Amino acid sequence: MRVPSRSPGQPPGPPVSPAAPARRRAPSALPRRTAAPAPDLDAYRAAVADLLVEVGALAGAPSTAARQMLVDDRLRDPAIAAVLDATAQGLLGARETLLLEMARYQPNERSSAADLTALVRIYLLSRIDVMWWRDTPTYRTDGQVNASTDLVDLEWLRRRDLLRFRYTEQPATVLGRGLRAVGRRLRPDATPRTAGLMFRRTRREVVALLNDIGREFAAATGPGIPPLWVTSLVRSAEHQHRLRRLGYAAMVPSAHCLGWAVDVEMAWFTRFGARDVLAEILLARQRAGEVNVVDEGQAWHLCVAPAARKRLRGAYEAEMGV
């Protein structure tokens, strides 16, 4: 059976001789696809800041339709759209996710999003992370986090005095949680009020980043000021959804589930007069293109930039002697 041709037919004109084969363009003359320019992150952050002012003006308003129209319009700003479109979700997927997060938002003591404006800020600024690491596989289960050879155990490093920051783990038993509660009542400000790490594992580059920041913070503040304190590292997607069910502002997708994000305590350092010092250190590293920084209130979220990966890996290997 003959399959009809999809072509519209031979146009009028002189026939083409079969003895004259079509000339093919040399491979070097073929048009080359040029890579799209990287989004302007300074312009993105400035556009997000402008959007937050407008969201704040409507945050207490009863009209969800007005907020939806505002966000829908502002996300089309070229500076914002360029970043969102470069994420795995794309512009439309990111827009739908943000609107759904806003519709479901309920303030609570556990959430780092104190209000609707904070929710929008955390979501939009964290999209820089997922744009950077869009091709990185997600740690979907707790078992994958614990079994990954790309992650190192912080406790092994801590016992050898190779860390320039502190952390605490989540108590694994009812007894442990009880002892933690008693300790907080006896010494309420001795440590940050954080649940602690679910996983004490992270990427080698993140260890190098935190050690760098920890040394710089210690040098800038002097004796008597506690070291840098880490409140969250890698998480599985399974754990991220557990946090969401508990009311935390745990965004999805998240660079925590890719192993490239970390949260550091900020509010606790106010009592030592050192919060602003730490904030400037973190923002300076963002300006240098080494990290993305998201103000989440009590803690600030950091994500390693791909451009810093090679340097940080080299720093880790030099410091650890590997």
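Below is a short write-up of the structure. Just so you know, these numbers come straight off a predicted model, no measurement behind them. Every chain is numbered independently, its residues counted from 1 as its sequence is written. Per-residue local features of the predicted model are confined to residues with pLDDT of at least 70, and side-chain atom pairs are confined, for both listing and counting, to 80 or more; whole-chain, interface and lining totals are unaffected and use all residues. In computing side-chain values, all of the structure's heavy atoms are included and hydrogens and water are not.

**Things to note about the overall build of the protein**
Summing up its helical and strand segments, the protein has twelve helices and seven strands in all. Buried positions account for 42% of the 322 residues belonging to the protein. Long-range pairs, those at least 24 residues apart, make up 73% of the contacts in the protein with a sequence separation of at least 6. Areas reported as accessible are Shrake-Rupley estimates using a 1.4 Å probe. Residue values count occlusion only from the protein chains shown. Accessible area of the protein: about 18300 Å², with a carbon and sulfur share of 55%. For helices the rule is a DSSP run of H or I covering at least 4 residues; for strands it is a run of E covering at least 2, with both sets numbered from the N terminus onward. Relative accessibility decides the category of a residue: with a 1.4 Å probe and only protein chains considered, values under 20% of the type maximum give buried, values over 50% give exposed, and everything between is partly exposed. Two residues form a contact once any of their heavy atoms are found within 4.5 Å.

**Some points on the pattern of salt bridges**
We count a salt bridge whenever a side-chain nitrogen from Lys or Arg sits within 4 Å of a carboxyl oxygen from Asp or Glu. Counted according to the given criterion, the structure contains 24 salt bridges. In this structure, R275 engages D276 in a salt bridge whose closest nitrogen and oxygen atoms are separated by 3.6 Å. Residue classification places D276 among the exposed positions, given a relative accessible area of 59%. R287 is the partner of E280 in a salt bridge, and the nearest nitrogen-oxygen pair spans 2.5 Å. Here the residues in one salt-bridge network are D212, R215, E216, R285, E290, R311 and E319, joined through shared partners.

**Some remarks on the packing of aromatic side chains**
Side-chain rings of Phe, Tyr and Trp (the six-membered ring for Trp) are treated as a pair once their centres are within 6.5 Å; stacked means planes under 30 degrees apart, edge-to-face means over 60, and tilted covers the remaining angles. All told, the structure shown has six aromatic pairs when counted by the stated rule. Residues W229 and W268 carry aromatic rings whose centres are separated by 5.7 Å and whose planes lie at 70 degrees to one another, so their mutual orientation is edge-to-face. Of the two residues, W229 sits in strand β4 (residues 228–232) while W268 sits in the loop between β5 (261–265) and α11 (275–287), which places them 39 residues apart along the sequence. W268 matches W229 in its accessibility class, with the two residues each being buried. Ring centres of W268 and F269 lie 5.3 Å apart, and the angle between their planes is 65 degrees; on these two criteria the pair is classed as edge-to-face. The two residues W268 and F269 agree in class, both being buried. Only Lys NZ and Arg CZ are tested; either one counts as a charge over a ring when it is within 6 Å of the ring centre and within 35 degrees of the ring normal. Taking the ring centre of Y123 as reference, the NZ or CZ of R127 above it sits at 4.3 Å. Against the face of F272 rests R271, its NZ or CZ located 4.9 Å from the ring centre.

**Section: the pairing of strand β6 (residues 291–295)**
Counting buried positions along β6 gives four out of five residues, so the element sits mostly inside the fold. Taken together, the five bridges between β6 and strand β7 (residues 299–304) define a ladder with antiparallel strand orientation. By the bridge assignment for β7, V291 is matched with V304. In textbook terms, the turn of a hairpin is the stretch between consecutive antiparallel strands, and for β6 and β7 this stretch comprises three residues, one of which, G297, has a positive phi near 90 degrees. Two strands are said to pair when DSSP picks up at least two bridges between them.

**Focus on helix α12 (residues 309–320)**
One fewer than the residue count of a helix, multiplied by 1.5 Å, yields its expected span. Between its first and last C-alpha atoms α12 spans 16 Å; for twelve residues at 1.5 Å apiece the expected length is 16 Å, and the two agree. Looking at α12, one finds that the buried residues are L312, Y316 and M320. The buried residues of α12 occupy an angular sector of 55 degrees when projected down its axis, which confines them to one face. Of the exposed residues in α12, the ones pointing more than 90 degrees away from its buried face are K310 and A318. G321 occupies a position one or two residues after α12 and carries a positive phi of about 70 degrees. Arc definition: it is the arc formed by the directions from the helix axis to the C-beta atoms.

**Observations regarding the nonpolar core**
What is meant by a nonpolar core is a set of buried Ala, Val, Leu, Ile, Met, Phe, Trp, Tyr and Cys residues, joined one to another through side-chain atoms within 4.5 Å. Membership of the largest hydrophobic core comes to 43 residues, with the highest contact counts inside it found for L154, L210, V264 and L282. Counting residues per element, the ones that place at least two in this core are α7 (154–159), α9 (204–221), β4, β5, α11, β6, β7 and α12. Here this core takes seven residues from α9, the largest share from any one element. When neighbours within four sequence positions are excluded, L210 is seen to be in contact with F165, L228, V230, L233, V262 and V264.

**Examining the side chain of T117**
If you trace the backbone, T117 turns up in helix α5 (residues 116–132). Taking relative accessible area as the criterion, T117 reaches 15% and is therefore assigned buried. With near-sequence residues (within four places) excluded, T117 lies in contact with L52, V55, G56 and A59.

**Regarding unusual backbone geometry**
V252 connects to P253 through a cis peptide bond whose omega is -10 degrees. Relative to the helices and strands, P253 is located in the loop between α10 (237–245) and β5. At D161, a residue that is not glycine, the phi angle is positive and equals roughly 60 degrees. If you trace the backbone, D161 turns up in the loop between α7 and β2 (165–166).

**As for helix α4 (residues 90–104)**
Its 15 residues give α4 an end-to-end C-alpha distance of 21 Å, which sits within 8% of 21 Å, the value for a rise of 1.5 Å per residue. Among all positions of α4, only G90, G93, A94, T97, L98, L99, E101 and M102 are buried. Where α4 is buried, its residues contact α2 (64–74), α3 (78–85), α5 and α10.

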